[in-house]
Structure formats: structure tokens, C-alpha cells
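Spelled out, the chains give:
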Amino acid sequence: MAGVNKVILVGNLGKDPEVRHLDSGVAVANFSLATTESYTNKQGERVNQTEWHNIVLWRGLADIAEKYLKKGNSIYVEGKIHNRRWEDSEGNTKYATDIIADKMTMLGSKADNAETPASASTEVPEKTEENGNDDLPF
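Since this is a predicted model, take the numbers as computed values, not measurements.

(A) Structural context of the overall build of the chain. Regarding its fold elements, the chain presents one helix and six strands. In the chain, the succession of α and β elements from N to C terminus is β-β-β-β-α-β-β. A buried classification covers 27% of the 138 residues belonging to the chain. By sequence separation, contacts in the chain at least 24 residues apart represent 53% of the contacts at least 6 residues apart. Roughly 10,100 Å² of accessible area belongs to the chain as shown, and the carbon and sulfur atoms make up 47% of that amount.

(B) Broad picture of the pairing of strand β2 (residues 18-21). Here β2 pairs with strand β3 (residues 27-40) via four bridges, running antiparallel. By the bridge assignment for β3, R20 is matched with V28. Where β2 hands over to β3, the hairpin turn is made up of five residues, of which G25 adopts a positive phi near 95 degrees.

(C) Broad picture of the side chain of E78. Of note, E78 is situated in strand β5 (residues 74-87). In terms of polar contacts, E78 uses its side chain to reach the side chain of Y76, at 2.4 Å.

(D) Geometry of helix α1 (residues 59-68). Within the sequence span of α1, burial applies to L61, A62 and A65. Burial along α1 is one-sided: seen end-on, the buried residues are contained in an arc of 100 degrees. Of the exposed residues in α1, those oriented more than 90 degrees away from the buried face are R59 and K67. Buried positions along α1 lie against β2, β3, β4 (46-58) and β6 (93-106).

(E) Looking closely at unusual backbone geometry. Of note in this structure, R59 is not a glycine but carries a positive phi near 50 degrees. Looking at where R59 falls in the secondary structure, it is placed in helix α1.

(F) Here's a closer look at the environment of W58. Inspection of the secondary structure puts W58 in strand β4. W58 sits 42 residues away from I100 along the chain, and the two C-alpha atoms are 8.2 Å apart.

Conventions and cut-offs
- Residues numbered from 1 in each chain as written.
- Predicted model: local features only at pLDDT ≥ 70, side-chain atom pairs only at ≥ 80, totals over all residues.
- Heavy atoms only, no water.
- Helix = DSSP H or I, 4+ residues; strand = E, 2+ residues; numbered from the N terminus.
- Buried < 20%, exposed > 50% of the residue type's maximum accessible area, 1.4 Å probe, protein only.
- Contact = heavy atoms within 4.5 Å.
- Areas by Shrake-Rupley, 256 points an atom, 1.4 Å probe, with all protein chains shown as cover.
- Pairing = 2+ DSSP bridges.
- Polar contact = N/O pair within 3.5 Å; in protein donor to acceptor, adjacent residues only side chain to side chain.
- Arc of directions from axis to C-beta.

Written as C-alpha cells, this is what we have:
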């Protein structure tokens, strides 16, 4: 039986994407993404728990990240977990876990992403009789 390696995250960028281009011309973007969960502890206090994730975007997604993503932006990411291991200059073994994203959607209002192209907008027209949308189910 085959395994499944699937991650879905919704969070905020911790820094602007760092984009580099390989010798082959392929773009790679790296940035941190914060996801925060809230819960009430036994004392009745509201507690926020933030996890940080290393996100890697390749090719077209890296180009979009370079143009439109900034620190603080909210995004939706789908991808897979990838673990790395290497030795540093002192011979110590280091480990890192990355999320290799294959889908990314910018969230938030158009004002949050002022430079976002109109095609990325998901605005719904207002309900008025003039535009014929008075029978919208929401």
C-alpha cells in the first residue's frame, strides 16, 4: 500500500520570501510561515500556540511569491513534508523539516495585497437590483 504525504497550512509569512535562481534558471523561494492555534487552558485563560514552518516554492510559484508576497501576508499552502540532514562545518549533524508546496493561494483583502493582479481577486459583486444579483443565495 502506498503512503500519503500531504500538508495543508493557513498562516502568515514571517518574512519576505528569499528567491534565488539556479544555474538552470529555475526559481526557488524560501520563507517562514506561522500558524497559530488558540485554546482555553484549565485556568480559563486564552492561550495562543504558534508553530513555524519552512516553506519552499519552486518555478512559477516562486515567481509569484517574489512579486506579490510580503511579510505578514496570509496564505493557504498545500504540499508535502520533506526532511533534510547534513553536517555543518564542525561535523555536527543538523536536521530541518521543510514543506515543499505545490499549491499556494493568497488570502486576505485586496488592500492587504495592493499589488495583487485583479485575476487573483475573489470579490463577489454587491447584491443590487441594477446588476441583477438580487437572487444570490448568500
